[in-house]
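Here's the letter readout for the chains.
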Amino acid sequence: MRPPLCSDAAQGARRGRRGQALTEFALLSPAFFLLIFGIVAGALMLNAQATLDNATREAARQAALCGGAMGAWTDGQGTAHTGGTSGSP
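Position numbers for residues count from 1 along each chain, tracking the sequence in the order it is written. Local features are withheld for residues below a pLDDT of 70 in this predicted model, meaning they are given only at 70 or higher, and side-chain atom pairs are given and counted only at 80 or more; totals for whole chains, interfaces and linings count all residues. Hydrogen atoms and water are omitted, and side-chain values are computed over all heavy atoms in the structure.

Visitor: Looking at this model, I keep getting lost on the overall build of the protein chain. Mind explaining?
Guide: Check the secondary structure of the protein chain and you find one helix and two strands. Scanning the protein chain from its N terminus toward the C terminus, one meets helices and strands in the order α-β-β. Three exposure classes are used, based on accessible area relative to the maximum for each residue type with a 1.4 Å probe and protein chains only: buried under 20%, partly exposed in between, and exposed over 50%. Of all 89 residues assigned to the protein chain, the portion counted as buried reaches 1%. Only the protein chains shown count as covering a residue, and every accessible area follows the Shrake-Rupley method with a 1.4 Å probe. For the protein chain, the computed accessible surface area is about 7900 Å², with 67% contributed by carbon and sulfur atoms. Helix and strand definitions follow DSSP, with helices as H or I runs of at least four residues and strands as E runs of at least two, each counted in order from the N terminus.

The structure is reproduced here in structure tokens:
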């Protein structure tokens, strides 16, 4: 009869280490995932803010270039308009 490769005490110690690792993971993983998801959410908020900044800047640019135009113009749907807005020509 061959002797067992691991004694019962060694198997119990290994089982205890696996249990300790599982407990540590269960305690630390929520904080880790919360940190990761917080970073992703912050990045998405910064992206949305940059998009709004660029849209505002572009609208102000268009208003500065064309906002005071007098005369006939067409809108985005191709409808012709006459007249103008008050302001410099």
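Visitor: Please explain the packing of aromatic side chains as it appears in this structure.
Guide: Here a Phe, Tyr or Trp ring, Trp counted by its six-membered ring, pairs with any other such ring whose centre lies within 6.5 Å, and the pair is stacked when the planes are under 30 degrees apart, edge-to-face when over 60, and tilted otherwise. Scanning the entire structure with this criterion turns up two aromatic pairs. Taking 6.5 Å as the distance between ring centres and 25° as the angle between the ring planes, the aromatic pair formed by F33 and F37 counts as stacked. Of this pair, F33 and F37 both sit in helix 1 (residues 8–66), separated by four residues, roughly a single helical turn. Judged by relative accessible area, which is 40%, F33 ranks as partly exposed. Grouping aromatic residues by their ring pairs yields a cluster made of F32, F33 and F37.

Visitor: Help me out: how do you make sense of the pattern of salt bridges in this one?
Guide: Whenever a carboxyl oxygen of Asp or Glu lies within 4 Å of a side-chain nitrogen of Lys or Arg, that contact is scored as a salt bridge. Applying the stated criterion across every chain, the model contains one salt bridge. Close ionic contact of E58 with R61 constitutes a salt bridge, the shortest N to O distance being 3.2 Å. On the criterion of helical spacing, the pair formed by E58 and R61 is a turn pair, its members being three residues apart in helix 1. Relative accessible area serves as the criterion here: at 38%, E58 is assigned to the partly exposed category.

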